[in-house]
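Each chain, written out:
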Amino acid sequence: MNCKTCNNPYENTAQYCSNCGAKIVDDRLSLKGTWEEFIGPFFSWDNNFWRTFIGLFTNPKDVLEAYISGARKKYFQPFSYIILYATIAVFFYKFFPMEIIMDYSEGFTKGYNSTNSSSNVPKIDMDGFMKGYMESLMSYYNFFVLLLIPIYALTSYIIFNKRGHNFFEHLVFNSYLQSNLGFISLVLQVVLVNMLGMSFGTYSILFLFLFILFTLYAFKELYNQNLKQSIVSAIKYLLLFFGLYFGIIIALTILFFIIYAIT
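Since the model is a prediction, treat every value here as computed from it, not as a measurement.

A. Unusual backbone geometry, seen in detail. Even without being a glycine, N224 presents a positive backbone phi close to 50°. You can see N224 is positioned in the loop between α9 (200-223) and α10 (227-262).

B. Representation of the pattern of salt bridges within the structure. A full pass over the atoms with the stated rule returns three salt bridges. The closest approach of N and O atoms between K61 and E65, which form a salt bridge, is 3.3 Å. With a gap of four residues between them, K61 and E65 both fall in helix α3 (residues 60-69), about one helical turn apart. Since its relative accessible area comes to 27%, E65 is described here as partly exposed. Between K220 and E221 there is a salt bridge, with the nearest N and O atoms lying 4.0 Å from each other. Residue E221 is classed as partly exposed on the basis of its relative accessible area, which comes to 30%.

C. Highlighting helix α8 (residues 167-195). For α8, spanning 29 residues, the distance from its first C-alpha to its last is 40 Å, which sits close to the expected 42 Å at 1.5 Å a residue. In the structure, α8 departs most strongly from a straight axis at Q189, where the bend amounts to approximately 30°. Capping the start of α8 is the job of one residue whose side-chain oxygen sits 3.1 Å from the backbone nitrogen of F168: N166. Backbone geometry just after α8 places G197 at a positive phi near 80°.

D. Region of the structure containing helix α4 (residues 78-95). When the terminal C-alpha atoms of α4 are compared, their 26 Å separation across 18 residues agrees well with the 26 Å that a helix rising 1.5 Å per residue should span. Buried within α4 we find P78, Y81, I82, L84, Y85, A86, A89, V90, F92 and Y93.

Analysis parameters
- Along each chain, residues carry numbers from 1 onward, in the same order as the chain's sequence is written.
- pLDDT decides what is reported in this predicted model: residues at 70 or higher carry local features, side-chain atom pairs at 80 or more are listed and counted, and totals for whole chains, interfaces and linings draw on all residues regardless.
- Note that water and hydrogens are dropped before the side-chain values are worked out from all heavy atoms of the structure.
- Secondary structure follows DSSP: runs of H or I at least 4 residues long count as helices, runs of E at least 2 residues long count as strands, and numbering of each begins at the N terminus.
- Here, a salt bridge means any side-chain nitrogen of Lys or Arg that lies within 4 Å of a carboxyl oxygen of Asp or Glu.
- The buried label goes to any residue with under 20% of its type's maximum accessible area, the exposed label to any with over 50%, and the partly exposed label to all in between, with areas taken from a 1.4 Å probe on protein chains only.
- Helices are assigned an expected span. That span is 1.5 Å times one less than the residue count.
- Each residue is assigned a bend, namely the angle between axes fitted to the seven residues that terminate at it and the seven residues that start at it.
- The definition of a polar contact used here is a pair of N or O atoms within 3.5 Å, where within protein one atom must be able to donate a hydrogen and the other to accept one, and adjacent residues in sequence count solely through side-chain atom pairs.

Interpretation note: all reported values are geometric properties and have no functional meaning in isolation.
Spelled out as structure tokens, the structure:
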């Protein structure tokens with residue numbers, strides 16, 4: 001018989017083509033087979049996804065260096081990893097929507113309304129603005145995540161620029177790290193916010209600490225830093241990243257506010 005992918009002949013007992021490596025499938029499609037093909041890659045503990053996810057916690061140096069060193073079959077592809085997370089996040093926020101994040105904007109709304117209570121000041125529905133802003137942010141969350149990856153990469157590249165990795169290699173590093181944090185955040189939000197009732201503001205602060213610890217831990221392992229070097233890098237990283245991050249958030253908020261006020 002011949003391989004359906006490359007037409008190379010193979011033995012009847014073969015499971016994979018010796019020429020192109022494709023899996024040999026002779027069975028017709030069925031409900032069981034379709035389900036296994038769809039679910040199997042994610043729930044098989046020896047596959048690339050789980051090896052990547054767990055490896056980034058247990059051995060981040062190996063995972064981060066594998067792709068840029070040429071071992072590109074060992075772990076999940078970095079940019080596919082971030083796109084997978086962003087896609088899942090979009091559906092996630094459809095099921096766990098705006099009610100849990102509205103408390104995050106209540107203070108801002110009340111402050112604006114009290115500050116602009118004068119009759120000669122144009123009135124803007126800040127409740128509607130914040131709700132629309134957060135809905136838009138979550139609706140395009142995948143694009144927002146992709147937008148932030150270069151900021152993470154630029155930050156780590158500047159902080160660790162003497163370690164020999166270029167900007168595009170840092171782009172790979174941060175695609176892995178932020179995707180892993182993203183998957184963790186989805187689980188934590190369900191448990192802490194939706195099930196245990198933690199406010200979204202408290203959860204955001206808690207996750208911020210997790211983000212800082214995990215990112216700095218990964219780079220500490222990657223560059224074999226000692227405690228003093230890690231502390232210095234942490235301070236530089238936080239100052240630079242949050243400067244860039246809040247700059248983007250402020251710019252997006254002003255842009256959305258202008259569009260909302262006009263329309």
